[in-house]
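One letter stands for each residue in the lines below.
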Amino acid sequence: MPVHKTSNIYLDNSAGKPVDSRVVDSMLPYLKTSFGNPSSLHKYGQEAKQALDNSREKIADLIGAEKAETIIFTSGATESNNLAIKGTATRNRKKGNKILTSAVEHISVINSCKSLIRQGFQTTFSPVDSFGFLDLEKFEENIDDQTKLVSIVYANGEIGTIQPIKKISEIVHKKDAYLHVDATAACGQIQIDVQKEGIDMMTISSNDFYGPRGVGALYIKESIRIDPLIHGGGQERGLRSGTENVPSIVGFGKAAEIARVELKSEGKRLIKIRDDIIHGLMGSIPYTFLNGHPIRRLPDNVSLRFSFIEGESILLSLAMFGVFASSGSACTAKTLQPSHVLLAMGLKHEEAHGSLMITLGRQNTQKDADYIKEIMPAIIERLRSMSPLTPKELKR
Ligand code: PMP
């Protein structure tokens, strides 16, 4: 077993990312000198409004939106998902009361749908295959003339599988429903074009591409009308009242601008490191399996399961070596239940419990991959030697 390491290797980037220093610099004037309220008509207000509009423009550019005005600022992805789902469902209640989503959604989508069920709406959770891809045949069968809203994750951050959104939008529009896409984990990592892919509404989040926390956006195609969740002074086209968080929105815009420029080269770099870790660990440790699809997956995502042991015990061992990763989505970590995403892909409870999720970021390099590959075989062997589930022939 290699010696314990003291320096930190952070591999939990989907749970939280450092804010890019260029983003911090862009925000500082709006914390110090340019503090106006964008609704004020004087010079300070107009300066703040200009800053909001610039950010809207940059975010629209990142996602191929037709107009800056299609971007509504929110407090983050959870709020954007709530707004899209509840706002569309209640606005269209008279036309139909069914919502279709998938079995691999983020908890903020699932719980928004559940709150609507309590108000008399119906929700169907469409199944996925063993890679986590939506079963498109069953999906189409699940849309009827009462279905007005479909909400599908662009890529689930836990398994990395990227859904065929264009095909999905064609099915949804043939059936005359709206498509909301939760692109929180995908946007800024892979190229997304809302117009080309036929997306009606899309959730994005600033910190997922190195912007500040507590700010996100919902893209809403201009022709679509939804109900607001928060009522007040009518900011953000009446869809999200309350004085806008100007410094964070400025940082969000800067992060979007950087992501647009660096997305391709950074994606390539991360895929190389990602695949090196996946192939390295699968090659050196028996009974190791990949969660999600090997190619149609997010550049940052390594999700592996190791038979006979628990994900949490792997995390504790890794932490002793100064390596910090995760066993699943940070948002459902409190439940201690096996991941609903892994279960939906057909894994047994004990298989779902043995998962390790590494999410890479800009600060990670090949050196980190080499270190993981060096320490993991001994960690897994040691844990398996203590596990009652390990077959005798694997124990030394
Ligand atoms: N959707 C997805 C796909 C996510 O991965 C997350 C978590 N990063 C969220 C929504 C919720 O994001 P937040 O907690 O920032 O609101």
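See the structure above.
What counts, and at which threshold
- Residue indices begin from 1 for each chain and proceed along its sequence in written order.
- With the structure being a predicted model, the display of local features is reserved for residues of pLDDT at least 70 and the display and counting of side-chain atom pairs for 80 or more, all residues being used for whole-chain, interface and lining totals.
- Processing note: side-chain calculations cover all non-hydrogen atoms of the structure and skip hydrogens and water entirely.
- Secondary structure elements are taken from DSSP: a helix is a run of H or I of four residues or more, a strand is a run of E of two residues or more, and numbering for both begins at the N terminus.
- Three exposure classes are used, based on accessible area relative to the maximum for each residue type with a 1.4 Å probe and protein chains only: buried under 20%, partly exposed in between, and exposed over 50%.
- Working rule for contacts: check all heavy atoms of both residues, and any pair within 4.5 Å makes them a contact.
- Multiplying 1.5 Å by the helix residue count minus one yields the expected span of that helix.
- Fitting axes to the seven residues ending at a residue and to the seven starting there, one defines the bend at that residue as the angle between these axes.
- Here, any two strands with at least 2 DSSP bridges between them count as paired.

Q: Break down the environment of I63 for me, citing the residues and quoting the values.
A: Assignment of secondary structure puts I63 in helix α2 (residues 43–63). By relative accessible area, I63 is classed as buried at 0%. C-alpha separation for the pair I63 and Q195, spaced 132 residues apart in sequence, amounts to 8.6 Å. Other than its neighbours up to four places away in sequence, I63 contacts I71, C187, I192, D193, V194, M202 and Y219.

Q: Requested: an account of helix α11 (residues 366–386), with residues and values cited.
A: Given a rise of 1.5 Å per residue, 21 residues ought to cover 30 Å, and the 31 Å separating the end C-alpha atoms of α11 matches this to within 8%. If you look at α11, its biggest bend is around 30°, right at M376, and the proline P377 turns up within four residues after that. Those residues of α11 not exposed but buried are D368, A369, Y371, I372, I375, M376, I379, I380, L383 and R384. The inward-facing, buried residues of α11 contact β1 (9–10), α7 (246–284), β10 (301–306), α8 (311–320), β11 (323–324) and β12 (355–359).

Q: I'd like a rundown of the pairing of strand β8 (residues 216–220), residues and numbers included.
A: Of all the 5 residues making up β8, 5 are buried; the element is thus mostly covered by neighbouring parts of the structure. Sheet analysis places strand β7 (residues 201–205) next to β8, joined by 5 bridges and oriented antiparallel. Pairing of S205 across the sheet is with G216, part of β8.

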